[in-house]
Amino acid sequence: MAEFHYIARELSGQQVEGTVAAASEREALGSLAAKNLFPVSIKMAESAKAHQANKRRRVPARILAVFYTQLADLLRAGVPLLRALDLLVRQTRQMTLKLVVQEVRDQVADGTRLAEALRQHPTVFNELTVSMVRAGEEGSFLEESLQRIADFTEHQEDLKGRVVGAMAYPAFLVVVGSMVVVGMLVFFVPKFEPLFNTMRKEGTLPWATTSLLAVSGFLQSYGWVLLIAAGGGVFFGRNYFANEAGRRRFDEMRLKIVGVGQVVRSLAVARFCRVLGTLLHNGVPILSSLHIAKDATGNRVISDAIAQAADHVSSGRSLAQPLAQCGQFPADVLEMIAVGEEANNLEQVLVGIADKMERQTNRQLDLVVRLLEPLMLVIMAGIILFLLIALMLPIFNSSSMTAVGRLFTSGSC
């Protein structure tokens, strides 16, 4: 509930002002009408605005993992859900999470299921968390589901930290190298242009120097246009990829990038197998498990393919056959799933697949990062070498022509 500050008139015409608690502005207007007040102006109170803005912030994943673990421990110890949420509200120091948990606690006290209460805060609790909590409530293993969510969140953060840490040095090379090259083109190269005017008029200026001067002149004249275009591209891209169609298109593009697509697909399949194996191990029916686990992939293309496979499974077919038809799963993974179904230990096989694919993906990432660093160095060195050659080649040519002219002059004498 938020607080709205209003200025209104009574039936007598007297102007009054105050605050009213409501879930939305429309509900606030309804409350005023019920009191026979005619609103002149109504706006959200500043404290409520700050509260709403604070709720829209994201909570760090590691803090969420601690919250899930603490809630699971309290429930495992026999503490009722409402009392556990009260305790976590008092203990939480992260303000955004504190406000969100307080609202979740109030909704649960009003009779709302925990999963539905979490669903009301999509910026904090993702779809996978909501789905696994719902499965835990339905299967009476909520504390184990929360612990699994905590483990999964920590695992994802560890993987993300490794990738970000590995990409830090190549990204630094790209940024610093680009700044050096642009600075040379804008401020350093133009100082050589008067020296090359004579050779340009005579048509003896090397093509490398001509190209370099053209790029330098373009950046000096239209560099601001490039900056505006880049900013507009970022703004347009953020808006486009914020909607469902844009996010799906982005997921399709990631899968098609050479080298990157294989890593993205492997991580998505590994997450799906781990969550599906965990749910099956806890006794969740396979159809419910498939619909929950598909949200763990982090890729809408693969998630939609799994949803189609789940429809075929519901008609009595095995899991491996529909997954093979979607074209998103490697052949060896499909073979192991088929063997797991035949041996009636599919949940163990799925967890083993996840471990195997994550190890394999980590090795691929390490290899890519090791190759990326020298590749960035070679590219930066090549660009700097081209700049130096383009600037020095006319000087060498001019010196050679002068030396030849002197030789012919001395010979004629």
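In what follows, the structure referred to is the one given above.
Residues numbered from 1 in each chain as written. Predicted model: local features only at pLDDT ≥ 70, side-chain atom pairs only at ≥ 80, totals over all residues. Heavy atoms only, no water.

Caption draft 1: Quick look at the overall build of the protein chain. Secondary structure summary: the protein chain contains 17 helices and 3 strands in total. Put simply, the protein chain has 413 residues, and 36% of those count as buried. The long-range fraction of contacts in the protein chain, counting pairs at least 24 apart against all pairs at least 6 apart in sequence, stands at 59%. By element, 60% of the accessible surface of the protein chain is carried by carbon and sulfur atoms, the whole surface being about 23500 Å². (Helix = DSSP H or I, 4+ residues; strand = E, 2+ residues; numbered from the N terminus. Buried < 20%, exposed > 50% of the residue type's maximum accessible area, 1.4 Å probe, protein only. Contact = heavy atoms within 4.5 Å. Areas by Shrake-Rupley, 256 points an atom, 1.4 Å probe, with all protein chains shown as cover.)

Caption draft 2: Quick peek at the nonpolar core. The biggest cluster of nonpolar side chains holds 69 residues, and the ones touching the most others in it are Val104, Phe125 and Ile337. With 10 residues, helix α12 (residues 260-281) is the single largest residue contributor to this core. Counting 14 residues, the second-largest nonpolar core is a separate cluster that includes Phe192, Phe196, Leu213 and Ala390. (Core = buried A, V, L, I, M, F, W, Y, C linked by side-chain atoms within 4.5 Å.)

Caption draft 3: Geometry of the environment of Ala270. Position of Ala270 relative to the elements: it lies in helix α12. By relative accessible area, which is 1% here, Ala270 ends up buried. As a C-alpha pair, Ala270 and Ala296 span 26 residues in sequence and 9.4 Å in three-dimensional space. Contact partners of Ala270, with chain neighbours within four places excluded, come to Ala354, Met357 and Glu358.

Caption draft 4: Just a nonpolar patch on the surface, in detail. Taken together, the side chains of Tyr169, Phe172, Val175, Val176, Met179, Val180 and Leu377 define a hydrophobic patch exposed on the protein surface, amounting to about 660 Å² of accessible area. With 6 residues, the top contributor of residues to the nonpolar patch is helix α8 (residues 142-188). Positionally, Phe172 belongs in helix α8. (Patch = residues over 30% accessible without salt bridge, like charges linked within 9 Å, V, L, I, M, F, W, Y side chains within 5 Å. Salt bridge = Lys/Arg side-chain N within 4 Å of Asp/Glu carboxyl O.)

Caption draft 5: Focus on the environment of Val368. Within the element layout of this structure, Val368 appears in helix α17 (residues 346-412). Among the residues examined, Val368 registers a relative accessible area of 44% and is labelled partly exposed. Sequence separation between Val368 and Val260 is 108 residues, and the spatial gap between their C-alpha atoms is 9.4 Å.

Caption draft 6: Summary view of helix α13 (residues 286-293). For α13, every residue scored as buried is listed here: Ser289, Leu290, Ile292 and Ala293. Angularly, the buried residues of α13 cover 165° about the axis, an arc narrow enough to put them on a single face. (Arc of directions from axis to C-beta.)

Caption draft 7: Structural context of unusual backbone geometry. Positive phi values are uncommon outside glycine, yet Asn344 reaches one of about 60°. Here Asn344 is to be found in the loop between α16 (331-343) and α17. Asn344 sits in the exposed class, given a relative accessible area of 68%.

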